[in-house]
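For reference, the chains in residue letters:
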Amino acid sequence: MPSSSELPGLTARLDKLHYHHGGATLPADQPHAFVYFITIKNGSDRTVTLLGRKWVVEHADGSHLVIEGDKIVGETPRLAPGEEFSYNSYHVTGCNATAHGSFHGVDETGQKVHVLLPPFTMTIPVG
């Protein structure tokens, strides 16, 4: 039996991705910021509590960054069937990158569940 399973109907999606050149407010080697907006929707028949996330960011220069931890922007959202949780955060980079990952938690029976976030690309505008 797997330690965590995908719960049919629990989905995560990228709603918006905005590019921001931070200038002096960002490190010189990572002057590009991407603000992303994500929604997690519980279309299942069970209440779910989201406890954390794990993302992998693959940079065009070959480097990888793994972001893993408890909570989602400081919260542990509890989603009844039909409810959504939306939030925004950001990633800074010095080159183009692709991000993908998952959110994990438990359903009302205590079963460990996760939902995958489809990959999205952060492309620095040219010019």
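Note that the structure is a prediction, hence the values are computed from the model and not measured.

### Remarks on the packing of aromatic side chains
What the rule picks out here adds up to 7 aromatic pairs. Considering the side-chain rings of phenylalanine 85 and tyrosine 87, the 5.9 Å spacing of their centres and the 25° angle between planes classify their relative orientation as stacked. Judged by its relative accessible area of 9%, phenylalanine 85 falls in the buried class. Among the residues examined, tyrosine 87 registers a relative accessible area of 10% and is labelled buried. An aromatic cluster is built from Tyr36, Trp55, Phe85, Tyr87, Phe103 and Phe120, whose rings are joined through pairwise contacts.

### Here we look at unusual backbone geometry
Phi at lysine 71 takes a positive value of approximately 70°, unusual for a residue other than glycine. Looking at the element boundaries, lysine 71 is found in the loop between strand S5 (64–70) and strand S6 (78–79). Of the residues examined, lysine 71 reaches a relative accessible area of 39% and is grouped as partly exposed. Phi at valine 73 is positive, roughly 40°, even though this residue is not glycine.

### Let's talk about the side chain of histidine 91
Within the element layout of this structure, histidine 91 appears in strand S7 (residues 84–93). Here the side chain of histidine 91 touches histidine 59 through a polar contact of 3.2 Å, side chain to side chain. In contact with histidine 91, other than residues within four places in its own chain, are His32, Ala33, Phe34, Tyr36, Val57, His59, Leu65 and Met122.

The rules behind the values
- Residues numbered from 1 in each chain as written.
- Predicted model: local features only at pLDDT ≥ 70, side-chain atom pairs only at ≥ 80, totals over all residues.
- Heavy atoms only, no water.
- Phe/Tyr/Trp six-rings, centres within 6.5 Å; stacked < 30°, edge-to-face > 60°.
- Buried < 20%, exposed > 50% of the residue type's maximum accessible area, 1.4 Å probe, protein only.
- Helix = DSSP H or I, 4+ residues; strand = E, 2+ residues; numbered from the N terminus.
- Polar contact = N/O pair within 3.5 Å; in protein donor to acceptor, adjacent residues only side chain to side chain.
- Contact = heavy atoms within 4.5 Å.

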